[in-house]
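If you want the building blocks of each chain, they are given just below.
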Amino acid sequence: MGVLVLTFSPTELTRSLGRGLLSFPLTFFDDDGGFNEDGYRAHVASQGTAGASGLFAAGGTGEFFSLTLEEYKRVVRAAADEVPDTMPLLAGVGYGTHMAVEFAKAAEANGADGLLVLPPYLVKSEQEGLRRHLTAICRAVGIGVIAYNRDNAILTPETLERVAQDCPNLIGFKDGVGDIELLTATRYRMGDRLVFIGGMPTAEVHASAAAAIGMTTYSSAIYNFAPETALRFFNALRAGHKTEVDDLIRSFFLPYLAIRNRRAGYAVSIVKAGARIAGIDCGPVRSPLLDLTDDEERQLADLMQSCEMPVAELA
């Protein structure tokens, strides 16, 4: 493999991500649980031309937690090959610090323009430990890094500021907590130093409140199976078209949440179900996640059909 030329510097990455909606593509598996690279490549190519401003391979929706390092390299490389040259590609990294650094270096070597740092595995950590963890990842690579506040990795504004001072390539902050007080404090402390990204599951439901605080964009899981609806909502929100935003939340997002919230892990499972209903052969989720039941998938298909989303075949 030759030397890779970065398409986006950390500064360019910051500007690009704030311009529009962000795509977090599913990772495709076959019926035996193996990585379906051909299907994944086709999906990434389609996602790349549908209107998003950035693509995150092997993120939470992409089941990063279930990928081996060798699979991860293939996923990132496949995505790097398929995204348009004008679209930045980021990749999820996680686990303990040494493993996260190994994944970070693999992402950079396989064409990623940036990283999203997912929570470490299992353990709760003090702020100093989280600072060292994030700093080590930033210093291991030359590409941009986004911190993801979620679960057992909740950075205080003070910790985030220290890392930002020490690591110029820390370019973003993604919120998956929904704590308005913490988010406001972080936003005011960091100002324009970072790009702020909404990262709650089904982020559209939180998007209006997050935008008021200063979130410029968010990640959309439904973009995987209904990109037109995802972009319609995003554009209506940015344009201040409250009636259209409210209509979409009432007609689709709240009924969608009613299905998603039935079981742990359905935030990913329901996206794969939506993709299958839309005719996208993404395969099942990997354990320990569970797929939707047949009845739940039929309910989702009915909801998608009622909202005029693509439905290849009712389950």
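For the structure, see preceding data.
Cut-offs and rules
- Throughout this description, residue numbers start from 1 for each chain and increase along the sequence as written.
- Totals for whole chains, interfaces and linings use all residues, but because this is a predicted model, local features are given only for residues with pLDDT of at least 70 and pairs of side-chain atoms are given and counted only at 80 or more.
- To obtain the side-chain values, all non-hydrogen atoms of the structure were included, while hydrogens and water were left out.
- One speaks of a salt bridge when a side-chain nitrogen belonging to Lys or Arg is within 4 Å of a carboxyl oxygen belonging to Asp or Glu.
- Per the convention used, a helix needs a DSSP run of H or I reaching at least four residues, while a strand needs a run of E reaching at least two, with both numbered from the N terminus.
- Nonpolar side chains (Val, Leu, Ile, Met, Phe, Trp, Tyr) within 5 Å and like charges within 9 Å form the patches, drawn only from residues with over 30% relative accessible area and no salt bridge.
- Note on areas: Shrake-Rupley with a 1.4 Å probe; residue coverage comes only from the protein chains shown.
- A simple rule labels every residue: compare its accessible area, found with a 1.4 Å probe on the protein chains alone, to the largest value its type can have, and call it buried under 20%, exposed over 50%, or partly exposed in between.
- Strand pairing is assigned whenever DSSP detects at least two bridges linking the two strands.
- Whether two residues are in contact is decided by their heavy atoms: any pair within 4.5 Å suffices.
- Only the contacting stretch of a helix is used when fitting its axis, a line to C-alpha atoms as for every element, and angles between N-to-C directions run 0 to 180 degrees.
- In protein, a polar contact requires one atom able to donate a hydrogen and another able to accept it; more generally it is a pair of N or O atoms within 3.5 Å, and residues adjacent in sequence count only if both atoms are side-chain atoms.
- Working definition: a ring pair exists when centres of Phe, Tyr or Trp rings (six-membered ring for Trp) sit within 6.5 Å. Plane angles under 30 degrees give stacked, over 60 give edge-to-face, the rest tilted.
- Here a crossing is taken to be left-handed if its near helix is turned anticlockwise relative to the far helix by less than a right angle, and right-handed if that turn runs clockwise.
- Just so you know the grouping, Ala, Val, Leu, Ile, Met, Phe, Trp, Tyr, Cys and Pro go in nonpolar, Asp, Glu, Lys and Arg go in charged, and all remaining residues, Gly too, go in polar.

*Asks:* So what exactly am I meant to see when it comes to the pattern of salt bridges here?
*Replies:* Any two side chains of opposite charge can pair, on the condition that their charged atoms come close. The full count for this structure, using the stated rule, is 23 salt bridges. Here Arg41 makes a salt bridge to Asp81, at a shortest N to O gap of 3.0 Å. Highlighted residues: Arg41 in helix H2 (residues 37-48) and Asp81 in helix H3 (residues 69-82), separated in sequence by 40 residues. With a closest N to O distance of 2.8 Å, Glu161 and Arg189 form a salt bridge. Residue Glu161 is found in helix H6 (residues 157-166), and its partner Arg189 is found in helix H7 (residues 180-190); the two are separated by 28 residues along the sequence.

*Asks:* Help me out: how do you make sense of a nonpolar patch on the surface in this one?
*Replies:* Side chains of Tyr121, Leu122 and Val123 sit close together on the surface and give an oily, nonpolar patch of about 360 Å² of accessible area. Residue placement: Tyr121 occurs in the loop between strand E4 (114-117) and helix H5 (127-140). Given the relative accessible area of 56%, Tyr121 is considered exposed.

*Asks:* What should I look at first to understand the sheet that holds E4 in this one?
*Replies:* Within a sheet, neighbouring strands are paired by backbone hydrogen bonds and run either parallel or antiparallel to one another. Reading around the barrel, the eight strands line up as E1-E2-E3-E4-E5-E6-E7-E8 and close back on themselves, with parallel pairing between neighbours. Here E4 pairs with strand E5 (residues 144-149) via four bridges, running parallel. Each residue of the ladder has a partner; that of Val117, found in E5, is Ala147. Docked against the sheet, helix H4 (residues 97-109) engages strand E3 (89-93) and E4, running at close to 160 degrees with respect to E3.

*Asks:* How should the environment of Arg150 be read in this particular structure?
*Replies:* Turning to its location among the elements, Arg150 is positioned in the loop between E5 and H6. When its relative accessible area of 24% is taken as the criterion, Arg150 is described as partly exposed. On a C-alpha basis, the gap between Arg150 and Asp85 in space is 30 Å, while along the polypeptide they are 65 residues apart. Beyond its immediate stretch of four places on either side in the chain, Arg150 contacts Pro119, Gly176, Val177, Gly199 and Pro201. At 2.7 Å, the side chain of Arg150 forms a polar contact with the side chain of Tyr148.

*Asks:* Teacher, can you tell me more about the side chain of Asn152 here?
*Replies:* Assignment of secondary structure puts Asn152 in the loop between E5 and H6. Among the polar contacts listed, one links the side chain of Asn152 to the backbone oxygen of Pro120, at a separation of 3.0 Å. Engagement of the side chain of Asn152 in a polar contact is seen with the backbone oxygen of Val123, the distance being 2.5 Å. Every residue in contact with Asn152, bar those within four places of it in the chain, is listed here: Pro119, Pro120, Tyr121, Leu122, Val123, Lys124, Ser125 and Leu130.

*Asks:* What's the story with the packing of aromatic side chains in this structure? I'm lost.
*Replies:* Two descriptors summarise a pair of aromatic rings, namely the distance from one centre to the other and the angle between the planes of the rings. On inspection of all chains with the given rule, the structure shows 14 aromatic pairs. For the pair Tyr72 and Phe103, a centre-to-centre distance of 4.8 Å together with 70 degrees between the ring planes defines the contact as edge-to-face. Here Tyr72 is found in helix H3, whereas its partner Phe103 is found in helix H4, with 31 residues between them in sequence. Phe103 carries the same exposure label as Tyr72, and that label is buried. A centroid spacing of 5.2 Å and a plane angle of 65 degrees characterise the contact between Phe233 and Phe253, whose relative ring orientation is edge-to-face. In this pair, Phe233 is assigned in helix H9 (residues 227-239) and Phe253 in helix H10 (residues 242-260), connecting sequence segments 20 residues apart.

*Asks:* How should the packing of H6 against H7 be read in this particular structure?
*Replies:* Angle between the axes and distance between the axes are the two parameters that describe a pair of packed helices. Between H6 and H7, the shortest axis-to-axis distance is 9 Å and the interhelical angle comes to 30 degrees. In terms of crossing hand, the pair formed by H6 and H7 is right-handed. Facing Pro157, Glu158, Leu160, Glu161 and Ala164 of H6, the residues of H7 in contact are Leu182, Ala185, Thr186, Arg189 and Met190. Partitioned by chemical class, the residues of the contact of H6 with H7 number six nonpolar, one polar and three charged.

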